[in-house]
Amino acid sequence: MSQNVIMVTQTPGHGYRRIGDAVAGAPEGALIVVGPGRYAENLDLSKAVTITAEDGAGTVTVFARTGVAVALNAASAALSGITAVSADADNPAVFVARGQLSLTECTLEAAGWSTVFASGEGTILMRGCEVRNGTGAGVVVTSPHGGVLESCRFDAMGTSAVVVADDGTLLMRACTVDKAAGNGICLNGRGRLTVEDTTIRASAKPAVAVEQQAAITAKRLTASDGDGIGFYLASTGEVTLEDCVAERVGGEGVFVAEGCKPALSGCRVRATGTRGVHFAARSGGFVTDCEVSDVDGIGVHVTERSAPEFDQLAISGCTGAGLKVTDAADPFFRRLRVRGSDGAAVEVDGGGRGTMENVEIDGGRAGLRVAGGSRLSASGLSVRNTTGTGVEVTEATLSLADSAIDGAGGDGVHAGPGATLSVLRCRVHRSAGAGCRLGEGASGTVTESEFSDGGSDGITLETGEAVRVASCTVRDNRGSGVRQLRPGTAIEVLDLITAGNAKPDAYGTSASVEAAEPVPPAAAERPKPAGDPLAELQNLVGLAGVKREVTSLINLNKMAKRRQDAGLSAPPMARHLVFAGAPGTGKTTVARLYGQVLAQLGVLREGHLVEVARADLVAQIIGGTAIKTTEAFTTALGGVLFVDEAYTLSSGQGGSGPDFGREAIDTLVKLMEDHREDVVVIAAGYSTEMQAFLSANPGMESRFSRTIEFANYTADELVTIVRSQCAKHDYHLEDAAAEALREHFEAIPKDGTFGNGRTARRVFERMTDRQASRLAESPSVTAADLTLLTVEDLEPSA
């Protein structure tokens with residue numbers, strides 16, 4: 001169907017002189033072509049017509065001194081290349097109350113509260129348009145059929161560039177906003193905006209403000225170079241930001257308040273003032289795979305009882321704390337990375353709460369600081385190269401598990417006054433101060449952890465409060481392994497493995513107030529094995545099957561060495577082993593002695609033992625696990641790498657996902673092949689779980705072709721262990737007490753909580769405590785009494 005074409009020109013005799021007259025005389029669907037010029041009129045589009053500038057955009061201006069320049073009063077109409085200007089302070093340049101108005105490559109300018117206004121049942125479709133208003137807003141939409149803005153430009157707005165209010169809806173694509181005196185985008189009421197590939201620059205107020213019940217879905221929206229906040233999110237409606245950016249803004253990059261619960265994914269906040277991201281006023285939501293960097297202040301601050309959840313958040317280069325939690329906020333963090341903060345990397349204060357899993361900290365004045373009545377649970381924490389303390393807790397509660405602290409400039413872990421500290425399965429290495437210090441007024445437990453190569457004591461106990469140190473290893477420190485400054489019964493030290501420390505341990509009745517001065521670095525050398533490790537192995541209590549297997553391996557290695565010395569080929573043998581069995585059955589001890597025997601035979605260069613767990617091998621970022629595993633493996637070259645609870649690498653335990661554990665396994669397999677003549681790898685753990693570990697990699701089972709089972713100790717063997725502890729510490733066990741112990745050990749359930757040799761040593765230590773209390777009440781005590789342990793010294797509940 002052919003279209004009617006109507007001409008409008010300011011040249012007499014060539015068509016209509018006014019655009020409005022052409023519309024009035026045009027049939028529905030007509031094309032009105034307008035010649036260049038300035039048309040002073042109020043254009044009322046009462047018919048479905050298309051109006052276009054004959055010579056292109058910018059050549060035709062519709063100017064209204066008062067009232068609206070263009071108004072739609074039809075089902076639809078279209079303008080192309082037209083400039084519409086209104087000089088009226090009370091009216092927009094374009095007004096659409098019903099129908100659909102299409103504006104293509106138009107310039108729209110007003111002096112009132114809005115340039116374009118779509119209300120009621122009106123719809124606007126704007127493509128390639130330029131919007132100006134030195135007094136008010138650019139586009140205001142309250143219509144639920146609001147329309148589309150595509151490739152539009154907003155420049156020098158007097159207030160906000162785009163406003164969606166009441167029940168308005170709008171789709172915005174590939175637009176730019178420059179220099180808005182208000183917001184770049186303002187949403188309130190129940191307004192809904194979908195925005196993509198849009199940039200807002202130099203807004204005086206928040207570049208994006210979402211309030212009341214408004215909703216926004218934003219993808220690749222950038223807010224930059226403004227004086228205020230980048231994204232102000234204070235709505236109870238749905239708020240989703242994906243791959244959005246806030247950079248070089250004077251206020252916070254993202255501020256969340258008023259109970260808002262946004263979903264932020266793949267967002268980047270850079271070079272902001274005060275804070276990068278701030279959650280306040282009971283807000284929440286989810287933050288996934290986001291980055292905050294180069295903030296002149298705090299990177300991420302969670303306050304005022306807010307409880308957002310973060311996954312894969314990276315923070316770097318902040319002049320204040322990297323992450324701060326205050327005011328009873330209770331966030332959750334998984335796979336958090338904090339690097340290069342001038343303050344504490346992570347700080348929890350002012351009654352803050354929270355849970356953290358797999359946190360990687362590099363640098364900072366302190367790694368993790370918890371204070372001010374706060375309570376935090378952290379697992380999988382990795383802290384490296386802090387200028388001060390690695391982890392610090394004062395007047396607060398901290399639970400720290402499966403974590404590693406390396407290269408702290410002060411104490412590795414420091415608990416100050418009023419601290420309640422729990423440390424479980426942690427490794428602290430190369431701290432300038434103590435590996436773990438519980439200062440005056442601190443209390444807590446330190447369990448199944450290792451403190452090594454420190455500049456002072458492995459563990460320093462300055463407090464008189466209740467502290468329990470159990471199943472820990474302290475080695476190669478320049479002070480004591482464990483040093484207790486205040487003698488007393490409130491402190492328990494159980495199942496301690498100590499080796500290579502520069503000063504003797506001093507705890508319990510041997511507690512000393514003498515300061516342990518650090519020794520020069522040259523004195524902290526790897527301890528040399530002494531004595532006959534094979535004889536020591538044979539003298540261990542029980543373990544008959546283990547002794548046979550290990551002796552067989554040793555003999556095989558002897559013969560292999562002799563054959564090599566004779567110029568013959570070595571027999572095939574499995575050097576790498578699996579030690580399977582329950583805790584406390586001597587697996588670590590046997591591994592240490594096995595390495596020493598191989599060193600004496602010349603099979604290994606040094607024979608030292610390096611004990612690692614999942615936290616020492618698995619990082620929280622892609623590629624980091626291979627680096628950590630290689631570093632740990634390299635320290636074991638020439639000796640034995642003992643991987644405790646190795647099955648956790650294949651089970652995904654610890655929150656960093658099974659793929660990272662498998663990456664550690666794959667790296668180990670390759671390194672075992674590359675260095676098969678220079679290291680022995682021993683993987684240890686429960687028998688059933690170790691089967692899953694061996695099947696996690698096709699090459700794993702072939703490299704660990706021999707499994708040695710460590711059975712639970714019998715009751716008689718446990719009594720023998722208690723007797724050996726008695727002999728070592730100048731005690732004597734009466735026969736009746738020995739029989740009572742045997743019955744006690746028979747009755748103990750042999751489940752997952754049974755500690756075998758650790759249980760026996762713990763029983764001995766408690767018996768000595770009860771003996772001391774018993775004798776303290778006696779008026780006369782002989783030397784024989786001081787050495788004798790009786791049935792009375794066995795706990796009735798034991």
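These numbers come from a predicted model, not from an experiment.

A. Molecular detail of the environment of L733. Within the element layout of this structure, L733 appears in strand β60 (residues 732-733). According to the relative accessible area criterion, L733 is buried, its value standing at 2%. C-alpha of L733 to C-alpha of N188: the two residues are 545 residues apart in sequence and 80 Å apart in space.

B. Up close: the pairing of strand β18 (residues 169-173). When strand β15 (residues 147-150) meets β18, the two strands line up parallel, connected through three bridges. Note that in β18 the partner of L149 across the bridge is M172. Strand direction decides the pairing type here: β18 and strand β21 (residues 192-201), joined by five bridges, are parallel. The partner of M172 across the bridge, within β21, is V195.

C. Molecular detail of the nonpolar core. I51, M126, L149 and F154 are the most contacted members of the largest nonpolar core, which has 138 residues in total. Residue contacts for I51: discarding those within four places in its chain leaves I19, V23, I32, V34, L43, L45, A78, L79, S80 and I82. Core analysis: the next-biggest nonpolar cluster, separate from the first, contains 44 residues, L553, V640, C726 and A738 among them.

D. Expanded view of the packing of helix α12 (residues 735-747) against helix α13 (residues 757-776). Relative orientation of the contacting elements α12 and α13 amounts to 135°, with a least axis distance of 12 Å. Here α12 lies oblique to α13, going by the angle between them. Taken as a pair, α12 and α13 cross one another with a handedness that is right-handed. Along the contact surface, α12 presents L741, H744 and F745, while α13 presents T759, A760, V763 and M767. The residue inventory of the contact of α12 with α13, partitioned by class, reads five nonpolar, two polar and no charged.

E. A look at the environment of V60. Topologically, V60 is positioned in strand β6 (residues 60-64). Among the residues examined, V60 registers a relative accessible area of 0% and is labelled buried. Spatially, the C-alpha atom of V60 lies 101 Å from that of A544, the residues being 484 residues apart in sequence. Apart from the residues lying within four places of it in its own chain, the contact partners of V60 are I19, V34, G35, P36, G37, Y39, A53, G81, I82 and T83.

Reading the values: the criteria
- Residues numbered from 1 in each chain as written.
- Predicted model: local features only at pLDDT ≥ 70, side-chain atom pairs only at ≥ 80, totals over all residues.
- Heavy atoms only, no water.
- Helix = DSSP H or I, 4+ residues; strand = E, 2+ residues; numbered from the N terminus.
- Buried < 20%, exposed > 50% of the residue type's maximum accessible area, 1.4 Å probe, protein only.
- Pairing = 2+ DSSP bridges.
- Core = buried A, V, L, I, M, F, W, Y, C linked by side-chain atoms within 4.5 Å.
- Contact = heavy atoms within 4.5 Å.
- Axes fitted to C-alpha atoms, helices over the stretch in contact; angles between N-to-C directions.
- Parallel < 35°, antiparallel > 145°, perpendicular 65-115°, else oblique.
- Left-handed = near helix turned anticlockwise from the far one by under 90°.
- Nonpolar A, V, L, I, M, F, W, Y, C, P; charged D, E, K, R; others polar.

Treat this as a map of the structure, not an account of what it does.
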